[in-house]
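Notes for the structure review
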Amino acid sequence: MPITDGFDLVSSHAYAEKGVPHDLWTRLRAESPVHRCTADGFVPYWAITRHADVCEISKQPETFSSAEGIAMVRQDDEEAIRKQNQGFGAMRVIIEMDPPEHRSYRKIASPVFTPRAVKAMDDAIRTSAREIVDRLAGETGEGECDFANDVAAAHPLRILSTMLGVPRESEPHILRLTNQLFASDDPDLQREGEDRRQSLMALGLELYQLFDKIIQDRRANPRDDLASLLANATIDGEPMGMTETLGYYLITFSAGHDTTKNSLVGGMRAFLENPDQFERLKRHPELLDSAVEEVVRWTSPVNHMKRRVTRDYELRGQRLRAGDWLVMFYASANRDEEVFEDPFAFRIDRKPNPHLGFGIGEHFCLGANLARRSQRALFEELARRMDWAELAGDPEQIHSAFVVGLKKLPMRYRIKPAA
Ligand code: HEM
């Protein structure tokens, strides 16, 4: 009897019903780290669960290609999306490009995400964190909230909207669209419609229209922001194509929002369940940076990335063939006993912490510095002002196996009101 056919590793509903499959991954790491899966409704794939193997694969983008898609979705949905020539079909994203093309396109936005450039945004990031915590505190400082929607979603939304030129009044609209994009299987978050595939296509079209309006505006009236940089970018002296420009907007917004949000929610839950660690952070704010790394390791919001094998390759004695699919599970690599001491303990002073939450190699997260500083600012504000907090209901998992996390984290708290 095989350990798993791989269905529970990639099915959105399995995550919602049974949670993140750490027990399966622990067995796979020990007994079958390069595991052949034939899950109903999905293409056959190899499940990669060890830290060293994720590194080996990610550093060879010519052999392990991203160009045919990076998220494991049901086969019929994938075909429908690919056939579309508007909406998603009209966008090309850097995360789905291979070298050498990938490098030319990545260079366009990379200056905006360097540690220095992100530091220059610190005022906006801190203001967002302070305003959100002020709102939570209200007049009395005591209350209840759903941390996922009231806090964690709002913070990255404000920061990314500022960078990409989305007007404040459109923030709820873009929030709804990104929720629908990453939780297209979740009955509470998915787009309404009779046919799931039709809904996905309509969503693509709506995103296209929203970004197209901003692009046209920034071409006519360029400013000093990421939105203008992307709208007016050139590749080899020629203006960047519309499909790539739209794709850049999509990847920045979508890759930046739900990931950071899920990391913040999962981090807060980890603090509620490990109050000693929150106390420690309050007493030792110098641990903020390592706390953020531990939150990203612990939550691993990007759960997996898919690759297509382009030439025969041997990995841990298994023969991968050209044309095979494989799926790297970051959440599993981030609990690898060979790399992390006591991997199932949440420790804010973990050092070293070579987690793969932001990936590694060719496609290493372009927004990692921004994600770090955004989380740091919010946890700093909470650690300084939150006297006490506890769970006020059951957390609920999003129906998603790609960008994973909680859609609800009810909590009760006491926070120092605004000074
Ligand atoms: C905690 C938050 C985040 C996590 C866990 C995360 C995780 C990741 C991972 C694992 C990858 C690698 C994909 C691969 O190897 O194929 C990636 C790529 C990427 N991320 Fe993030 N990310 C986060 C936040 C952000 C933010 C805030 C932005 C931008 C605003 C961003 C933009 C990107 C982009 C553009 C790529 C593609 C890079 C490329 O293809 O070269 N991410 N991210």
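Quick summary incoming for the structure in this document. It should be emphasised that the depicted structure is a prediction, and the values quoted were computed from it without experimental measurement.

Attention now goes to the packing of aromatic side chains. Scanning the model with the defined rule gives nine aromatic pairs in all. The interplanar angle of 40° and the centroid separation of 5.5 Å between the aromatic rings of W25 and F329 together place this pair among those described as tilted. Placement of W25 in helix 3 (residues 22-31) and of F329 in strand 10 (residues 325-329) is noted, with a sequence separation of 304 residues between them. Residue F329 is classed as buried on the basis of its relative accessible area, which comes to 0%.

This part takes up the site of the ligand. Taken together, 29 residues lie near the ligand, and H102, R106, R307, H363 and C365 sit nearest. At 2.7 Å from an oxygen atom of the ligand is found a side-chain nitrogen or oxygen belonging to R106. Contributing elements (two or more residues each) for the shell around the ligand: helix 6 (101-109), helix 14 (242-273), strand 7 (304-309) and helix 18 (368-385). Residue contributions to the shell around the ligand peak at seven residues, all from helix 14. Residue composition of the shell around the ligand, grouped by class: 15 nonpolar, eleven polar and three charged.

With an omega of 5°, the peptide bond running from P99 to P100 counts as cis. Looking at the element boundaries, P100 is found in the loop between helix 5 (75-83) and helix 6. Note that the residue after K351, namely P352, is joined by a cis bond; omega there is -5°. Locating P352 in the fold gives a position in the loop between helix 17 (330-333) and helix 18. With a phi angle near 50°, D236 is a residue other than glycine that sits in the positive phi range. One can find D236 in the loop between strand 5 (234-235) and strand 6 (238-239). Classification of D236 as exposed rests on a relative accessible area of 73%.

Right, let's get into the coordination of the iron atom of the ligand. Within the protein, just one atom coordinates the iron atom of the ligand: C365 (SG), at a distance of 2.3 Å. By secondary structure assignment, the location of C365 is in the loop between helix 17 and helix 18.

This part covers the sheet that holds strand 1 (residues 34-37). Strand order in the open sheet formed by five strands is 1-2-10-7-3, with mixed pairing between adjacent strands. Because the sheet does not close on itself, it has two edges, and the strands there are strand 1 and strand 3 (64-65). Two strands pair when backbone bridges link them, and strand 2 (residues 45-48) and strand 10 are joined in this way by three bridges, in the parallel orientation. When the bridges of strand 10 are listed, W46 appears paired with L326. Seen against the sheet, helix 4 (residues 51-58) touches strand 1, strand 2, strand 3, strand 7 and strand 10 and runs at an angle of roughly 125° to strand 10.

With that settled, consider the packing of helix 14 against helix 15 (residues 275-283). The relative placement of two packed helices comes down to the angle between their axes together with the axis-to-axis distance. For the pair helix 14 and helix 15, the least separation of the axes is 4 Å and the interaxial angle reads 105°. As summarised for this structure, helix 14 and helix 15 are arranged roughly perpendicular, according to the angle between their axes. Here F271, L272 and E273 of helix 14 come into contact with helix 15, specifically with P275, Q277, F278 and L281. Among the residues forming the contact of helix 14 with helix 15, the class breakdown is five nonpolar, one polar and one charged.

Across the eight residues that make up helix 4, a large majority, six, are buried. Within the span of helix 4, buried status applies to H51, D53, V54, C55, I57 and S58.

Let's shift gears to the environment of A345. Take A345: it is sitting in the loop between helix 17 and helix 18. The class of A345 is buried, set by a relative accessible area of 18%. Along the primary structure A345 and E294 are separated by 51 residues, whereas in three dimensions their C-alpha atoms are 9.9 Å apart. Those residues within four positions of A345 in sequence are excluded, and the remaining contacts are E294, R297, W298 and R350.

Bringing the side chain of K306 into the picture now. Turning to its location among the elements, K306 is positioned in strand 7. In contact with K306, other than residues within four places in its own chain, are S65, E68, G69, I70, A71, M72, E78, W325, L326 and V327.

A separate point is the pattern of salt bridges. Throughout the structure, instances matching the rule amount to 30 salt bridges. A salt bridge links R308 to E68; the nearest nitrogen and oxygen atoms lie 2.8 Å apart. On the criterion of sequence distance, the pair formed by R308 in strand 7 and E68 in the loop between strand 3 and helix 5 is long-range, its members being 240 residues apart. For R308, a relative accessible area of 24% puts it in the partly exposed group. As a salt-bridge pair, D349 and R280 come within 3.0 Å of each other at their nearest N and O atoms. One end of the pair, D349, is in the loop between helix 17 and helix 18; the other, R280, is in helix 15, and 69 residues separate them in sequence. When salt bridges with common partners are traced through the structure, they connect D122, R126, R373 and E380 into a single cluster.

Okay, the packing of helix 14 against helix 18 next. Viewed as axis vectors pointing N to C, helix 14 and helix 18 meet at an angle of 35°, and their least axial separation amounts to 10 Å. Note that helix 14 runs across helix 18; the crossing there is right-handed. Residues T260, S263, L264, G267, M268 and F271 of helix 14 touch helix 18, and the partners they reach there are A371, S374, Q375, L378, F379 and L382. Broken down by class, the residue content of the contact of helix 14 with helix 18 amounts to seven nonpolar, five polar and no charged.

The rules behind each value
Residues numbered from 1 in each chain as written. Predicted model: local features only at pLDDT ≥ 70, side-chain atom pairs only at ≥ 80, totals over all residues. Heavy atoms only, no water. Phe/Tyr/Trp six-rings, centres within 6.5 Å; stacked < 30°, edge-to-face > 60°. Helix = DSSP H or I, 4+ residues; strand = E, 2+ residues; numbered from the N terminus. Buried < 20%, exposed > 50% of the residue type's maximum accessible area, 1.4 Å probe, protein only. Near = heavy atom within 4 Å. Polar contact = N/O pair within 3.5 Å; in protein donor to acceptor, adjacent residues only side chain to side chain. Nonpolar A, V, L, I, M, F, W, Y, C, P; charged D, E, K, R; others polar. Donors = N, O, S within 2.8 Å, 3.2 Å for Na, K, Ca; no water. Pairing = 2+ DSSP bridges. Contact = heavy atoms within 4.5 Å. Axes fitted to C-alpha atoms, helices over the stretch in contact; angles between N-to-C directions. Parallel < 35°, antiparallel > 145°, perpendicular 65-115°, else oblique. Salt bridge = Lys/Arg side-chain N within 4 Å of Asp/Glu carboxyl O. Left-handed = near helix turned anticlockwise from the far one by under 90°.

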